[in-house]
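Close look at the chain arrangement
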Amino acid sequence: MQKATVLLIDDDPLVLRSLEKVLAREGYEVLPVGGCAAALGMIRARKIDLILSDIRMPEKDGVSTAKEIQQALLSSGKKDLPVIFITGYSGEEIKLQAPFVGETLYKPVDVNQLLAVIRDYL
Ligand SMILES: [Mg+2]
């Protein structure tokens, strides 16, 4: 069975690299991007199964990014994707009302918890 493809969005290159490593080791195909514009490009170019996104980013925050991705998917007739947010700030999950949002995890992320949550939403 082919492993799922995860779109990984974070403005911090160190986070991108470390999470990419963790997920690749589990056999996921990982597409790391630094923000909203690159994420939208990736959505158009590739088939993606799940989005893992930071919330606080300078270009556009993770919630707005997820909403734009959602709109892009819907307008091209594709199914919406589960979104798991990762944030360094507690209380951030209050702002997340969108129905497609899966879960919010906090940095530093517990790898086993992250992998369990990803499996839940695939
Ligand atoms: Mg950030």
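From a predicted model like this one, the values you see are computed outputs, not experimental measurements. (Residues numbered from 1 in each chain as written. Predicted model: local features only at pLDDT ≥ 70, side-chain atom pairs only at ≥ 80, totals over all residues.)

1. Side note on the overall build of the chain
Each helix and strand in the chain was counted, giving four helices and five strands. Counting from the amino terminus, helix and strand elements in the chain follow one another as β-α-β-α-β-α-β-β-α. Buried residues in the chain amount to 28% of all 122 residues. (Helix = DSSP H or I, 4+ residues; strand = E, 2+ residues; numbered from the N terminus. Buried ≥ 20, exposed ≤ 12 C-beta atoms within 10 Å, placed from the backbone.)

2. Things to note about the pairing of strand 4 (residues 83-87)
Among the five residues in strand 4, five count as buried, and that is most of the element. Burial along strand 4 is two-sided: the face carrying Val 83, Phe 85 and Thr 87 and the face carrying Ile 84 and Ile 86 are both buried. Note on the crossover from strand 3 (residues 50-54) through helix 3 (residues 62-75) to strand 4: the handedness is right-handed. (Right-handed = clockwise from strand over helix to strand, strands pointing away.)

3. Re the environment of Val 33
Structurally, Val 33 can be placed in strand 2 (residues 29-33). Considering only alpha carbons, one finds Val 33 and Ile 9, 24 residues apart in sequence, at a separation of 5.0 Å. Other than its neighbours up to four places away in sequence, Val 33 contacts Leu 7, Ile 9, Ala 38, Ala 39 and Met 42. (Contact = placed C-beta atoms within 7 Å.)

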